[in-house]
Amino acid sequence: HDIELEEVIQMEMRRIAPGSVFKVIAAAYGLIGMVFGVLVGLFRFNGMGSFVGGPAMGLLGGLLAGVAAGLMGALFAIVYNVIAGIIGGIRIDLVE
């Protein structure tokens, strides 16, 4: 596609929904954290000491990491919204 032949629409992202950010980031980080945590629990990485609780604790740790990451993402969205309200949001060019 030749961008010069297409209509470019400039838009501004003024608000990010904190709840939406929370659920997407919590799910992504939680899934990755749980998989990694279970693997650590199963293999216990020889030479790095034992992992107390095995796979179950790895699963719980990954879940908690997901919730913590989700909270940080939601906090970012809230701060972004305040800043975007004062100085304007991120501008992006979209092509139809």
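One can find the structure itself at the top, above this paragraph.
All values reported here derive from a predicted model rather than from experimental measurement.

1. Section: the environment of Met-11
Assignment of secondary structure puts Met-11 in strand β1 (residues 8–13). The sequence separation of Met-11 and Arg-91 amounts to 80 residues, and the corresponding C-alpha distance is 5.7 Å.

2. Digging into the pattern of salt bridges
Applying the stated criterion across every chain, the model contains 2 salt bridges. The closest approach of N and O atoms between Glu-12 and Arg-91, which form a salt bridge, is 3.4 Å. Remark: Arg-91 occurs in strand β2 (residues 90–95) and Glu-12 occurs in strand β1; sequence separation between them is 79 residues. Given the relative accessible area of 25%, Glu-12 is considered partly exposed. Assessed through its relative accessible area of 51%, Arg-91 is described here as exposed.

3. Quick look at the nonpolar core
In this structure, Ile-16, Val-21, Ala-77, Tyr-80 and Ala-84 together form the largest nonpolar core, which totals 5 residues. Ranked by the residues each element gives to this core, the list is headed by helix α2 (residues 54–87), at 3 residues. The residues contacting Ala-77, other than those within four sequence positions of it, are Ile-16, Pro-18 and Val-21.

The rules behind the values
- The residue count restarts for each chain, going from 1 along the sequence in the order it is written.
- Local features in this predicted model are restricted to residues whose pLDDT is 70 or higher, and side-chain atom pairs enter the listing and the counts only when it is 80 or higher, whereas totals over whole chains, interfaces and linings include all residues.
- With hydrogens and water stripped out, all remaining heavy atoms of the structure feed into the side-chain values.
- Per the convention used, a helix needs a DSSP run of H or I reaching at least four residues, while a strand needs a run of E reaching at least two, with both numbered from the N terminus.
- Criterion for a salt bridge: a side-chain nitrogen of Lys or Arg within 4 Å of a carboxyl oxygen of Asp or Glu.
- The buried label applies to any residue whose accessible area, calculated with a 1.4 Å probe on protein chains only, is under 20% of its type's maximum; exposed applies above 50%, and partly exposed to all values in between.
- We call a set of buried residues a nonpolar core when its members are Ala, Val, Leu, Ile, Met, Phe, Trp, Tyr or Cys and they connect through side-chain atoms within 4.5 Å of each other.
- Contact criterion: two residues are considered in contact whenever any of their non-hydrogen atoms come within 4.5 Å of each other.

Bear in mind that shape data such as this cannot, by itself, settle questions of function.
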